[in-house]
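Topology and contacts: notes
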Amino acid sequence: MTTPRHPRVLSGVQPTGALHLGNYLGALVKFTRLQHEMETFIFVADLHAITQWQDPKLLKSQVREIAAAYLAAGLDPKIATIFPQSAVPEHAELAWVFNCVARLGWLDRMTQFKDKAGKHKERESVGLYTYPVLQAADILIYKATHVPVGEDQKQHLELTRDIAQKFNHDFDVPDFFPQPEAVIEGPGARIMSLRDGTSKMSKSDPSDYSRINLTDDADAILQKVRKARTDPEPLPETLEELKARPEAQNLVGIYAALDGRTSADVLTEFAGVGFGTFKPRLADLAVAKLGPVGEAMRRYMSDPAEIDRILTAGAARAREVAAPTLAEVKSIVGYWAG
Ligand code: TRP
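Things to note about the site of the ligand
Close to the ligand lie 13 residues; Phe-43, Tyr-131, Gln-135, Asp-138 and Gln-153 are nearest. Measuring from a nitrogen atom of the ligand, one finds a side-chain N or O atom of Gln-135 at 3.1 Å. At 2.7 Å from a nitrogen atom of the ligand is found a side-chain nitrogen or oxygen belonging to Asp-138. Its free accessible area being 360 Å², the ligand has 88% of it covered by the protein chains. A majority-of-atoms criterion places the ligand in the largest pocket. Among the secondary structure elements, those contributing two or more residues to the shell around the ligand are β1 (8–13) and α7 (126–140). At four residues, α7 tops the list of elements feeding residues into the shell around the ligand.

Regarding the domain arrangement of the chain
Taken domain by domain, the chain consists of domain 1 (8–189 + 304–333) and domain 2 (208–299). Computed from C-alpha coordinates alone, the two centres of domain 1 and domain 2 are separated by 30 Å. Tallying the contact residues gives 13 residues for domain 1 and eleven residues for domain 2. Of all residues in domain 1, Leu-21, Tyr-24 and Ala-72 bury the most surface against domain 2, accounting for 44% of the area lost on that side. Where domain 1 meets domain 2, there are zero salt bridges. Our count for the domain 1 to domain 2 interface comes out at two residue pairs in polar contact (both at pLDDT 80 or more). Secondary structure elements with two or more residues in the side of domain 1 that touches domain 2: α1 (21–34) and α3 (56–73). Grouping the constituent residues of the side of domain 1 that touches domain 2 by class yields ten nonpolar, two polar and one charged.

Rules of the game
Residues numbered from 1 in each chain as written. Predicted model: local features only at pLDDT ≥ 70, side-chain atom pairs only at ≥ 80, totals over all residues. Heavy atoms only, no water. Near = heavy atom within 4 Å. Polar contact = N/O pair within 3.5 Å; in protein donor to acceptor, adjacent residues only side chain to side chain. Areas by Shrake-Rupley, 256 points an atom, 1.4 Å probe, with all protein chains shown as cover. 1 Å grid on protein atoms, 1.4 Å probe; cavity = no way out; pocket = protein on both sides within 12 Å on 5 of 7 lines; lining within 4 Å. Sits in = over half its atoms within 2 Å of the grid points. Helix = DSSP H or I, 4+ residues; strand = E, 2+ residues; numbered from the N terminus. Domains from an automatic or database assignment. Contact = heavy atoms within 4.5 Å. Buried area = accessible area lost by both parts, 1.4 Å probe. Salt bridge = Lys/Arg side-chain N within 4 Å of Asp/Glu carboxyl O. Nonpolar A, V, L, I, M, F, W, Y, C, P; charged D, E, K, R; others polar.

Quick look at the structure:
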């Protein structure tokens, strides 16, 4: 290890589509917990959002909606710094330098680009291609050490470390940028689709029955849990026996994450119980836990001026940290304006 660093958390969510239970347990709850352990920066990734077409008339309100979800989940603007990415221009400026550090061969390997671009990559924006370079800038402009993200972002974190290392090496500034780590584990790490226990719960799944949205009302939650795919067997006694039953495993995992317990603990309570009994219990728990979050979100959304005040103050705080890093980078690189 190099010199010990001040631990710092950074993460962000794109303002593209409604948030669901997977985002809530896998990201928002994790951010909320981490804010009490380390200095925390959480942003809304509107620069990343426009790598694919976004209606300019909707983008600002989508940013506010993510901010409302952060606040509803318990992020406290007195403790954590919450801001829109586009309000801190240092991200984009550092991304340009990193575009000149990262190698084409590194980006060619990024699986998320391949997944998003599909067969017609020549029709995608150049921004979508360099998306992970901007992500590295988001993280390293704050010299963040801990990045809570989903499993699918592991590769982008590896790229971030490669960029940090190459920058430090090429410009002979050992330890200037840290080697940030992904924080992946936790009860909500893998929340799967309610229709298919082998694919991740996703905003882009065409079936709304595949996910529970943070803004779903009690009726919708009950319906979706009732219709969730399962098998006819009762719940087993051990985790081992759940492994071959992805849908059952997912519902037990959701129950555990919502209740702040382990899946093993949930099985101890429900072993031998069928889904006819388990599903209503899960639905009640989901309504009890998510109802207040959805309500708080709606309350924040009804006062956009308050959200804007929080985001503006957050951006000012973020810039206090980002600006000195960028100034140093400019001087290291040898910019005329450095
Ligand atoms: N790419 C991330 C996602 O889709 C969002 C993101 C952008 C992000 N910049 C980041 C996450 C920096 C963590 C750190 O989930």
